[in-house]
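Listed here are the chains, written in short residue letters.
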Amino acid sequence: RFRVNMGNIYFKQEKWTAAIKMYRMALDQIPNNVQAIRFKIMRNIGHAFFKMHQFPDAIDSYENLLAHGGQHLDFMTGFNLILCYYALGDKEKMKAGFLKLLNIEQVGLEDFDEEEMDLESPSHVKDPNRNITEGDDALREDVKRRQREAARFIVNAANLVAPLVDKTPVAGYDWVIDSLNNHGFPRIGSEMEIAKASYFLKRKEFDQAIVVLKKFERKEPSLMACAATNLSFLYFLEAEHGSAEKYADMAVKADRYNARALVNKGNCMFMNDEFERSKEVYLEAIGVSADCLEAIYNLGLVNMHIGKYQEALLAFDKLHSITHVNCEVMWQLGDIHEKLGNNAKAHEWFSLLITSPKGRPTDPGVLARLANLFNKAGDETQAFHYHLESYKYWPVDMNVITWLGIYYVKQEMYEAAIPFFARAAQIEPNEVKWRLMVASCFRRMGSYPQALKLYEDIHRLHPNDIECVRYLITICKEMKQKYDHYAAHLRKLERIQEVQGMGPESRAVPSAPPRVQRMGTVTAIGDGDDGGELGAYKRPEASGVGGKGIGGSMRDRYDPDEDEQGGGEAQPPVELYEAQEVEVQKKAAPKRRLAPQAQEQ
């Protein structure tokens, strides 16, 4: 007994070698006819080898316990034996070890009650007098505790070996489920079927997962509620909101206190534009589970959608106090503060988003929002820096490209502006304005031959564009070249417009696309709400957090071509191109995306 106690002390101190030495000295002093104590000491030796990751030695010690039919094997030892086989990659022994684990019989656990072993079983809630009728003594509580521990070891072992014990993971799950059903563990077998459905979900095999989960519709309410929650989640991901709401209602009916099912139901209401009802359901889910992150996040989203920014701010503040460094939550907090006009707080949250250790320093959406805030504050240097960083990580954002191009033009750095307008022309090849801006930059730089060639290319592709013809007349005059045929073509286009009742200032003849607009100096690219500013932009969503909108203003107007046409006949003053409105390609729908409830395991 002294050597065993010394070994236990060394084991607690994590001195595994000394513990093994003491256990072996104690084993030598115990006679062979005292088998129970000898097997317990051998089990401790196996545990020490297991802690040292010496799995072959641990297997030898554990297998000695099986020499007498396994009557001295407990659930922890059987689970450790399976872990050793798993570490060595022995599939056949994993199968054998799992079957031995299912066959373990311990004193007091002869009548294995699956209702007692399940911690989440609703039967305890349904019958509050159960403990009173059966006796609430310490022995009963100890038996229930041991049953729960046994169930935990069996479930963990099943999840561990199922994907590996057969040729395919699906066949492995089927073998484990059959073994559990044959050895009297049908409830754990049902839980493994849900684990099998989760495996299909991870591989995005949704049809297979739906087939597995639909088998639970006729099973007991607790399992049916779990499966219905997962089915609702699946159908919601596939945008089948009717089926998603059906299974969410089924899950809520089976268990009114299922927070996950309530979140799924609220999501379906949100997608059906029932915002007030979805808000009530989210609040009910938070009442059931105060730390249900999905319910709190979606509550904030629905409050933002109906314009209650202060309530949304409270929800996201609470969520931030729980998650601390969640990027989506910090983004929403910055977005709300900007909507409320608290630009300083919005700047603080967006800065935290790109500087925190678990943040997103390369998110172009966040960088563009910071650029917008600096622009509002009048700090164009910082705005230029963050716009350039955003462009580096997402070089197809038309708003950022336009802002940078106009910035360089304003600084009279036409050569630097050309690549941005050329990129815009690549992204929107059907828009004439970008190529006209490139030609204008060449002209302002004094590269008249390149500008003339580009104007001629544009005129060849868009012969009915009046402004391009005007530019051609102007540059031909400057280069002392003939322009009579362009002047005749311009008069012809203007007469056609007058006949159609459109006026000489219109940009295109009726045969042109309907969204072609008048051109002049580049004064407003964006919404065109304020005549001389680069109006507020709506940024398409980019990267994980998602862009919500960038905006800003260039306080000075860009007027690169203020030349008037000289010479013969009186014509309207020739100006460079003015784009009154830019149609920015949207990368996401305006409706905010809900955080889908993760499926239950």
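Before any of the text, the structure's been laid out above.
Calculation criteria
Residues numbered from 1 in each chain as written. Predicted model: local features only at pLDDT ≥ 70, side-chain atom pairs only at ≥ 80, totals over all residues. Heavy atoms only, no water. Salt bridge = Lys/Arg side-chain N within 4 Å of Asp/Glu carboxyl O. Helix = DSSP H or I, 4+ residues; strand = E, 2+ residues; numbered from the N terminus. Buried < 20%, exposed > 50% of the residue type's maximum accessible area, 1.4 Å probe, protein only. Phe/Tyr/Trp six-rings, centres within 6.5 Å; stacked < 30°, edge-to-face > 60°. Lys NZ or Arg CZ within 6 Å of the ring centre and 35° of its normal. Axes fitted to C-alpha atoms, helices over the stretch in contact; angles between N-to-C directions. Parallel < 35°, antiparallel > 145°, perpendicular 65-115°, else oblique. Left-handed = near helix turned anticlockwise from the far one by under 90°. Contact = heavy atoms within 4.5 Å. Nonpolar A, V, L, I, M, F, W, Y, C, P; charged D, E, K, R; others polar. Expected span 1.5 Å × (residues − 1). Polar contact = N/O pair within 3.5 Å; in protein donor to acceptor, adjacent residues only side chain to side chain. Core = buried A, V, L, I, M, F, W, Y, C linked by side-chain atoms within 4.5 Å. Arc of directions from axis to C-beta.

Draft legend 1. Summary view of the pattern of salt bridges. On inspection of all chains with the given rule, the structure shows 24 salt bridges. With a closest N to O distance of 2.7 Å, Asp174 and Lys196 form a salt bridge. Here the residue Asp174 occupies a position in helix 11 (residues 169-182), and Lys196 occupies one in helix 12 (residues 186-202), the gap between them amounting to 22 residues. Relative accessible area serves as the criterion here: at 11%, Lys196 is assigned to the buried category. Among the salt bridges present, the one from Arg203 reaches Glu205, with a minimum N-O distance of 3.3 Å. Glu205 gets classed as partly exposed once you look at its relative accessible area, which sits at 28%.

Draft legend 2. Quick look at the packing of aromatic side chains. Overall, the coordinates contain 18 aromatic pairs when judged by the stated rule. Plain terms: the ring middles of Trp403 and Tyr407 are 5.4 Å apart, the flat faces sit at 10° to each other, and that makes the pair stacked. Pair noted here: Trp403 and Tyr407 are both in helix 24 (residues 398-410), with a separation of four residues, about one helical turn. Here Trp403 and Tyr407 have matching classes, each one buried. Summarising the aromatic geometry, the rings of Tyr455 and Tyr471 are spaced 5.5 Å apart at their centres and angled 45° between planes, so their arrangement reads as tilted. Pair noted here: Tyr455 is in helix 27 (residues 448-461) and Tyr471 is in helix 28 (residues 466-478), with a separation of 16 residues, a long-range link. Tyr471 carries the same exposure label as Tyr455, and that label is buried. Within the aromatic cluster, the residues linked to one another by ring pairs are Phe384, Tyr391, Trp403, Tyr407, Tyr408 and Phe420. Against the face of Phe153 rests Arg152, its NZ or CZ located 4.8 Å from the ring centre.

Draft legend 3. Quick peek at the packing of helix 3 (residues 35-51) against helix 4 (residues 55-64). At a minimum axis separation of 8 Å, helix 3 and helix 4 run at an interaxial angle of 160°. On the basis of their axis angle, the class for helix 3 and helix 4 is roughly antiparallel. Classified by chirality, the crossing of helix 4 by helix 3 is left-handed. For the pair helix 3 and helix 4, contact is made by Phe39, Met42, Arg43, Ile45, Gly46, His47, Phe49 and Phe50 and by Phe55, Asp57, Ala58, Ser61, Tyr62 and Asn64, respectively. When the residues that make up the contact of helix 3 with helix 4 are grouped by side-chain class, the tally is eight nonpolar, four polar and two charged.

Draft legend 4. Broad picture of helix 24. The end-to-end C-alpha separation of helix 24 is 18 Å, in line with the 18 Å expected for 13 residues at 1.5 Å each. Burial analysis of helix 24 places twelve of its 13 residues in the buried class, the great majority of the element. Of all the residues in helix 24, the buried ones are Met398, Asn399, Val400, Ile401, Thr402, Trp403, Leu404, Gly405, Ile406, Tyr407, Tyr408 and Val409. Of the surrounding elements, those touching the buried residues of helix 24 are helix 22 (364-376), helix 23 (380-393), helix 25 (414-427) and helix 26 (432-445). You can read the cap of helix 24 off the contacts: a side-chain oxygen lies 2.9 Å from the backbone nitrogen of Asn399, and it is on Asp397. Trailing helix 24 by a residue or two, Glu412 shows a phi angle of about 60°, which is positive.

Draft legend 5. Just the nonpolar core, in detail. Counting residues in each nonpolar core, the largest one holds 162 residues, and the members touching the most others are Phe98, Val176, Leu180, Met192, Phe316, Phe421 and Tyr455. Residue contributions to this core peak at ten residues, all from helix 14 (residues 221-237). Not counting the four nearest positions on each side in its chain, Phe98 is found in contact with Ile82, Ile154, Ala157, Ala158, Val161, Trp175, Val176, Ser179 and Leu180.

Draft legend 6. Structural detail: unusual backbone geometry. One non-glycine residue, His53, adopts positive backbone phi at about 65°. With respect to the secondary-structure elements, His53 resides in the loop between helix 3 and helix 4. The exposure class of His53 is exposed, given its relative accessible area of 56%. For Ala239, which is not a glycine, the phi torsion comes out positive at approximately 65°. Among the structural elements, Ala239 can be located in the loop between helix 14 and helix 15 (241-254).

Draft legend 7. Examining helix 6 (residues 91-102) more closely. A rise of 1.5 Å per residue sets the reference length of helix 6, with its twelve residues, at 16 Å; its end C-alpha atoms lie 17 Å apart and thus fit the reference within 8%. Among all positions of helix 6, only Met94, Lys95, Gly97, Phe98, Leu101 and Leu102 are buried. All buried residues of helix 6 fall inside an arc of 165° around its axis, so they share one side. Those residues of helix 6 hidden inside the fold are in contact with helix 5 (75-88), helix 10 (138-161) and helix 11. N-capping of helix 6 is provided by Asp90, with a side-chain oxygen placed 3.4 Å from the backbone N of Glu92.

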